[in-house]
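A closer look at the structure
Spelled out, the chains give:
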Amino acid sequence: MKNMENAGAVRKPEGTQEVRALFQKLPKASLGFFPTPFYKLERLSGELGVNLFIKRDDFTGMNLFGGNKVRKLEYLIGDAVSQGCEYVFTFGATQSNHAMQTVSACRRAGLKPVLYLVAIVEPDEADVRSNLLLDKIMGAEVHIVKMLPGEEEADAEDRSVEMARAHMKRLEAEGHKCYEVPMGGASAVGSAGFIEGYTELMEQAEKLQQDGVMGHLDYIFHGTGTGGTMAGLLAGRALNHSDAELVSIHVSHKDEGYPARCAKLANEALALLDVEPLVEAQRDVRTDLNYYLPGYEIPNEGASEAIRLLAEKEGLFIDPVYTGKAFAGMLDYIRSGKVAQGSNVVFWHTGGATALFAEKEILGNLFE
């Protein structure tokens, strides 16, 4: 990564073409299918009184079970290949969308994937489901890290990273070069993919505006976990001169330092493009912790209602872990008047509907 002191060599670009030109300097693996669909949800728009659009990053590929992490992985795997790595290590929960997509990306690029997955909900080895099943079908080396009695989720995650790094050290000593992808792909390299993603959205929104389908873009809602997606969107928003309000709905607990860390990550991603820091936590970061409880991978009624509503009104699927809670938060903002009637609102669908086929503890009650 370039030192932040070297940032600022490039002036802030004036249009999407200039933004896209900045990415030519970064190694990239061609993994996804872009641009992803972007369109208006007509029936829900009429019911809610806003112009509601959806960005379908559940369609990014590489396989049927794609999701938003592919944007990050194009640059992360590109970086790993450029460095001559043989193995890629990453982390997450046992049903991690990110981990599954990392395995898929590795297989596409000829790299060997190794996963260290925390069993927040312990899987049944006799009935392996959802993303964990896909990991195994693709032949990933999977290490399940069981939660210790009284252990917090964050502590188990830290322990999984320590175990993985010890494994990497052993492989490096044997002459095998390894690449570490952080949980959720939340690094400057990974977040760069969502600077590009925001630029893609701006191009699509401009086309709809020219066609008279969309007015000024007012709000963008999405779910945030590790913060890599949000950091990229924040950087992309600033770089593209957008004034849309980005509302990031938490899917897990985060401390008070989370916004500052995400703003720092956004500026580190900009530094990779030789662009000066443009994101300030207090000014630009808007997160909401009111919709994730009782916890990560633990369902709630708001998310279940959101899943049912989108399925019944638009024939679309979201999941109980990420997009369901984010969509529930957006619905509450609209229904409570925090988002004014007639606003142009985008829901960024980050994928993850495979969780609908996960363990019942994750799925919850989707039937009224």
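This text follows the structure it describes.
Remember, it's a predicted structure, so these values are computed and weren't measured experimentally. (Residues numbered from 1 in each chain as written. Predicted model: local features only at pLDDT ≥ 70, side-chain atom pairs only at ≥ 80, totals over all residues. Heavy atoms only, no water.)

A closer look at the packing of helix α3 (residues 69-82) against helix α7 (residues 188-210)
- Running from N to C, α3 and α7 cross one another at 140 degrees; their axes reach a closest spacing of 7 Å. Taken together, the axes of α3 and α7 lie oblique to each other. As for how α3 packs across α7, the hand of that crossing is right-handed. Between α3 and α7, the residues in contact are Arg71, Lys72, Tyr75, Leu76 and Asp79 and Val189, Gly190, Gly193, Phe194, Glu196, Gly197 and Glu200, respectively.
- Split by residue class, the contact of α3 with α7 holds 4 nonpolar, 3 polar and 5 charged. (Axes fitted to C-alpha atoms, helices over the stretch in contact; angles between N-to-C directions. Helix = DSSP H or I, 4+ residues; strand = E, 2+ residues; numbered from the N terminus. Parallel < 35°, antiparallel > 145°, perpendicular 65-115°, else oblique. Left-handed = near helix turned anticlockwise from the far one by under 90°. Contact = heavy atoms within 4.5 Å. Nonpolar A, V, L, I, M, F, W, Y, C, P; charged D, E, K, R; others polar.)

Quick notes on the side chain of Gln204
- Following the sequence through the fold, Gln204 ends up in helix α7.
- On the accessibility criterion, Gln204 (16% relative accessible area) is buried.
- Within the structure, the side chain of Gln204 is placed 2.5 Å from the side chain of Lys55, a separation counted as a polar contact.
- Aside from chain neighbours lying at most four places away, what touches Gln204 is Pro35, Thr36, Pro37, Phe38 and Lys55. (Buried < 20%, exposed > 50% of the residue type's maximum accessible area, 1.4 Å probe, protein only. Polar contact = N/O pair within 3.5 Å; in protein donor to acceptor, adjacent residues only side chain to side chain.)

Details of the pairing of strand β3 (residues 87-93)
- In terms of residue burial, β3 counts as a mostly covered element, since 7 of its 7 residues are buried.
- Inspection of the sheet shows β3 paired to strand β4 (residues 112-119) by 7 bridges, in the parallel sense. Within β4, the residue paired with Gly92 across the bridge is Leu117.
- Taking the sense of rotation as the criterion, the β-α-β connection linking β3, helix α4 (residues 97-109) and β4 turns out right-handed.
- As paired strands, β3 and strand β6 (residues 178-180) are joined by 3 bridges and run parallel to one another. Considered in β6, the bridge of Val88 is made with Tyr179. (Pairing = 2+ DSSP bridges. Right-handed = clockwise from strand over helix to strand, strands pointing away.)

Points about the sheet that holds β3
- A sheet is described by the order of its strands in space; here 4 strands give the open sequence β5-β4-β3-β6, paired in parallel fashion. With partners counted over all chains shown, the strands left at the sheet margins are β5 (141-146) and β6, one partner each. When the angles between neighbouring strand axes are averaged without regard to direction, this sheet yields 20 degrees.
- Pairing of β4 with β5, which is carried by 6 bridges, proceeds in the parallel orientation. The residue of β5 that forms the bridge with Leu115 is Val142.

Here we look at the sheet that holds strand β1 (residues 38-40)
- Sheet architecture is open: 6 strands sit in the order β1-β2-β10-β7-β8-β9, paired in mixed fashion. Edge positions in the sheet fall to β1 and β9 (287-288), since each has one partner strand and no second.
- Judged from the 6 bridges that link them, strand β7 (residues 219-224) and strand β8 (residues 245-250) form a sheet pairing that is parallel. For Phe221, the partnering residue across the bridge sits in β8 and is Val247.

Structural notes on the state of the cysteines
- For the structure on display, the rule yields 0 disulfides.
- The cysteine Cys85 is free of any disulfide, with Cys178 supplying the nearest cysteine sulfur at 7.4 Å.
- Residue Cys178 is classed as buried on the basis of its relative accessible area, which comes to 11%. (Disulfide = S-S within 2.5 Å.)

Some details on the pattern of salt bridges
- The full count for this structure, using the stated rule, is 24 salt bridges.
- Between Asp127 and Arg129 there is a salt bridge; the shortest N-O distance is 2.9 Å.
- Taking relative accessible area as the criterion, Asp127 reaches 34% and is therefore assigned partly exposed.
- Across the pair Lys264 and Glu268 runs a salt bridge whose closest N-O atoms are separated by 2.5 Å. Remark: Glu268 and Lys264 occur in helix α9 (residues 258-272); sequence separation between them is 4 residues, near one turn of the helix.
- By relative accessible area, which is 52% here, Lys264 ends up exposed. (Salt bridge = Lys/Arg side-chain N within 4 Å of Asp/Glu carboxyl O.)

Structural notes on the nonpolar core
- Counting 42 residues, the largest nonpolar core has Phe23, Phe38, Ile195, Met214, Ile220, Leu239 and Leu273 as its most contacted members.
- Breaking this core down by element, the ones donating at least two residues are α1 (16-22), α7, α8 (228-239), α9 and β10 (344-349).
- Non-local contacts of Ile220, meaning those with residues more than four positions away in its chain, are made with Tyr198, Leu201, Ala244, Glu245, Leu246, Val247, Val346 and Trp348.
- If you look at the next biggest cluster of nonpolar residues, it comprises 30 residues, including Tyr219, Ile249, Ala328 and Met330. (Core = buried A, V, L, I, M, F, W, Y, C linked by side-chain atoms within 4.5 Å.)

Points about the packing of aromatic side chains
- Using the criterion set out here, one finds 9 aromatic pairs in the structure.
- Summarising the aromatic geometry, the rings of Phe38 and Phe53 are spaced 5.8 Å apart at their centres and angled 25 degrees between planes, so their arrangement reads as stacked. With Phe38 in strand β1 and Phe53 in strand β2 (residues 51-56), the pair connects residues that are 15 residues apart, well separated along the chain.
- Plain terms: the ring middles of Phe327 and Phe347 are 4.9 Å apart, the flat faces sit at 80 degrees to each other, and that makes the pair edge-to-face. Pair noted here: Phe327 is in helix α12 (residues 323-335) and Phe347 is in strand β10, with a separation of 20 residues, a long-range link. Here Phe327 matches Phe347 in class, with each residue buried.
- An aromatic cluster is present here, built from Tyr219, Phe221, Tyr291 and Tyr333 joined pairwise through their rings.
- Lying over the aromatic face of Tyr322, Lys69 brings its terminal NZ or CZ to 5.9 Å of the ring centre.
- We note Arg71 situated over the ring of Phe194; from NZ or CZ to the ring centre the distance is 5.8 Å. (Phe/Tyr/Trp six-rings, centres within 6.5 Å; stacked < 30°, edge-to-face > 60°. Lys NZ or Arg CZ within 6 Å of the ring centre and 35° of its normal.)

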